[in-house]
Amino acid sequence: MVDSLKKPGFEEMRPGIKTPAKETLLTPRFYTTDFDEMAQMDISVNEDELRAILDEFRADYNRHHFVRDAEFEQSWDHIDGDTRRLFVEFLERSCTAEFSGFLLYKELGRRLKDKSPVLAECFNLMSRDEARHAGFLNKALSDFNMSLDLGFLTKSRKYTFFKPKFIFYATYLSEKIGYWRYITIFRHLDAHPEDRVYPIFRWFENWCQDENRHGDFFDAIMRSQPQILNDWKARLWCRFFLLSVFGTMYLNDIQRKDFYASIGLDAREYDIQVIEKTNENAGRVFPIMLDVEKPEFYQRLDVCLKNNEKLSAIANSSTPKFLQFFQKLPFYVSNAWQFVRLYLMKPIDTAATHGAVR
Ligand SMILES: [Fe+2]
Ligand SMILES: [Fe+2]
C-alpha cells in the first residue's frame, strides 16, 4: 500500500517505456500541411528579415547548451507519490509538444528543399533545436525510470491537417507561448532557488531563446504573406487561434495546479501572466488581440474548469457508460456555450498600431 502510494504506477508498453497519454482535445497535437502550397509561397517582400533569422539559426547559440551536468546524477526517488506523477506528466507533455514541432519542421525542411531553400533551411535548423529539446526532456524522464518511444509516437499519433496559414497562426502562438512559459518558470526559480526541486529548470533560460527565435521566424513568414493578416477572415481566425491556445493552456494547467505548486508557482497567476505576455506579442503581428483583461475572460474559463471537474467525476463513477453520456451532456453543452461567448467577446484592434510599434 505504502509502496504503491510512493511510486505511482504508469502503464508501460515495454519495461521503462511509458504508454503515451491518451489523446484528448487538450493534449499536444501533431500537424501536417499542404507542402506544395507552402513551397509556392513568394516570400520576397520580407526575404531580408527571413535571411537575417536564418543567419541567427545558423549561428546556433545553443550548440553546447543541452548537456546534462553532475546535478542530475542522483536518485530522484524522493520526488514521489502525486508529485512524481505530475512531474512525469509535465515532462511527457513537454516532450511530446517539442517532438511534434520537430516532426513538422523536419518534414517541411525536406519537402521545401529544392523549391524554397531559405524556408527549407530555416525549418531544418528549427527541427534541430526541437530535437534537442525533446531529447533533453526524454532524458529527464529516464531520471524517473520512464521514457517515451518517439518512433512509436511518430507512427501511432493522428496528424491534424492545417492549411499553411493556419500552421503559421498556430505554430507562431505555440512558439511564443512556449517562450513565455519557460522564461516565467526560469525567472521564478532564479528568484526562489529553494523551489527548484529538479535541475532541468536551470536550462530554460537559453532554451526559451530558441522558442523566441522560432516565434520570430513565423512572425516574419506571416509578414511575407500580408494577405493572411489583413482581411476580415484573418481577424476571425486569429481570434479563434488565440482563444484555443489560451483556453487549452489554462484548462490544462489549472487542472495540474499541484505540479506548479510543487515548484512554488500559483498555476492561475502563472497562466494569467503567460497569456498576457503572449497576447501582447501576438498583437504586434496579428490584426487583433484578445481582451484578456476583461474579468469575463477568466470567469468563463473558470466555469469550464468546474464543468471539467464534474465530467471527470462522472467518468470515474460506477454509472453505466450509456447513462454517463446523458449525465455529461449538460456540461459539454455548457463548455461549448462558454467558448462561443468567449469567441464573441470584442477583441482589441491592433492593426492600426502596427506601423508605430515596428
Ligand atoms: Fe522547443
Ligand atoms: Fe520551438
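Residues numbered from 1 in each chain as written. Chains lettered and ligands numbered in written order. Predicted model: local features only at pLDDT ≥ 70, side-chain atom pairs only at ≥ 80, totals over all residues. Heavy atoms only, no water.

## Looking at the coordination of the iron ion (ligand 2)
Thought 1: For the iron ion (ligand 2), the protein coordination sphere consists of E130 (OE), E175 (OE), E175 (OE), E211 (OE) and H214 (ND1), at 2.0 to 2.6 Å.
Thought 2: In terms of primary sequence, the donors binding the iron ion (ligand 2) are separated according to E-x44-E-x35-E-x2-H. (Donors = N, O, S within 2.8 Å, 3.2 Å for Na, K, Ca; no water.)

## Description of the coordination of the iron ion (ligand 1)
Ideal values for angles at a metal depend on the geometry: 109.5 degrees with four tetrahedral donors, 90 or 180 degrees with six octahedral donors.
Thought 1: Note on the iron ion (ligand 1): its protein donors are E98 (OE), E130 (OE), H133 (ND1) and E211 (OE). The metal-donor distances range over 1.9 to 2.2 Å.
Thought 2: Around the iron ion (ligand 1) sit four donor atoms, and with donor-metal-donor angles ranging over 85 to 152° the site reads as irregular.
Thought 3: Taken as a pair, the iron ion (ligand 1) and the iron ion (ligand 2) show a spacing of 3.4 Å, with E130 coordinating each metal. Of the two residues, E98 sits in helix 4 (residues 81-112) while H133 sits in helix 5 (residues 117-143), which places them 35 residues apart along the sequence. Judged on exposure class, the residue E98 and its partner H133 are both buried. (Tetrahedral: all angles 85-135°; square planar, octahedral: opposite > 155°, others 65-115°. Helix = DSSP H or I, 4+ residues; strand = E, 2+ residues; numbered from the N terminus. Buried < 20%, exposed > 50% of the residue type's maximum accessible area, 1.4 Å probe, protein only.)

## Some points on the UniProt feature "domain: Rubrerythrin diiron-binding" (unreviewed entry) in the protein
Thought 1: Here the UniProt feature "domain: Rubrerythrin diiron-binding" (unreviewed entry) sits at residues 89-221.
Thought 2: Between the C-alpha atoms that bound residues 89-221 there is a distance of 33 Å. The span itself is 78% helix and 3% strand. (UniProt positions renumbered as here; feature names shortened; annotations may be inferred.)

## Concerning the state of the cysteines
Thought 1: Going through the model one piece at a time under the given rule, you end up with zero disulfides.
Thought 2: Looking at C95, it has no disulfide partner, and the nearest cysteine sulfur is the one in C208, 18 Å off. (Disulfide = S-S within 2.5 Å.)

## Topic: helix 13 (residues 321-344)
Thought 1: With 24 residues, helix 13 extends 34 Å between its outermost C-alpha atoms, agreeing within 8% with the 34 Å of an ideal straight helix rising 1.5 Å per residue.
Thought 2: Residue K328 marks the point of greatest curvature in helix 13, where the axis turns by about 35°; the proline P330 follows within four residues.
Thought 3: Looking at helix 13, one finds that the buried residues are Q324, K328, F331, S334, N335, Q338 and L342.
Thought 4: Structurally, helix 13 contributes buried residues whose contacts are with helix 9 (232-255) and helix 12 (295-315). (Expected span 1.5 Å × (residues − 1). Bend = angle between axes of the 7 residues up to and from the residue. Contact = heavy atoms within 4.5 Å.)

## A closer look at the nonpolar core
Thought 1: One finds I200, F201, F217 and F286 to be the most contacted residues of the largest nonpolar core, which totals 106 residues.
Thought 2: When residues of this core are assigned to their parent elements, the largest contribution, 15 residues, is made by helix 7 (residues 164-191).
Thought 3: Beyond its immediate chain neighbours, meaning those up to four positions away, F286 contacts Y169, Y172, L173, M222, L229, C238, L242, T350 and H354. (Core = buried A, V, L, I, M, F, W, Y, C linked by side-chain atoms within 4.5 Å.)

## A look at the environment of N206
Thought 1: By the secondary structure assignment, N206 is in helix 8 (residues 204-223).
Thought 2: The exposure class assigned to N206 is partly exposed, which follows from its relative accessible area of 33%.
Thought 3: In contact with N206, other than residues within four places in its own chain, are N62 and H65.

## Focus: the packing of aromatic side chains
Thought 1: Taken as a whole, this structure holds 47 aromatic pairs when the rule is applied.
Thought 2: On the numbers, 5.5 Å between centres and 75° between planes, the contact of F66 with F136 is edge-to-face. With F66 in the loop between helix 3 (47-59) and helix 4 and F136 in helix 5, the pair connects residues that are 70 residues apart, well separated along the chain. Comparing F66 with F136 shows no difference in burial state: the two are buried.
Thought 3: Ring centres 5.0 Å apart and planes at 90° place the aromatic pair F297 and Y298 in the edge-to-face group. Just as F297 is buried, Y298 falls in that class too.
Thought 4: Seen from the ring of F72, R68 lies directly overhead, with NZ or CZ sitting 4.2 Å from the centre.
Thought 5: Cation over ring: R239 sits above Y343, and NZ or CZ is 5.2 Å from the ring centre. (Phe/Tyr/Trp six-rings, centres within 6.5 Å; stacked < 30°, edge-to-face > 60°. Lys NZ or Arg CZ within 6 Å of the ring centre and 35° of its normal.)

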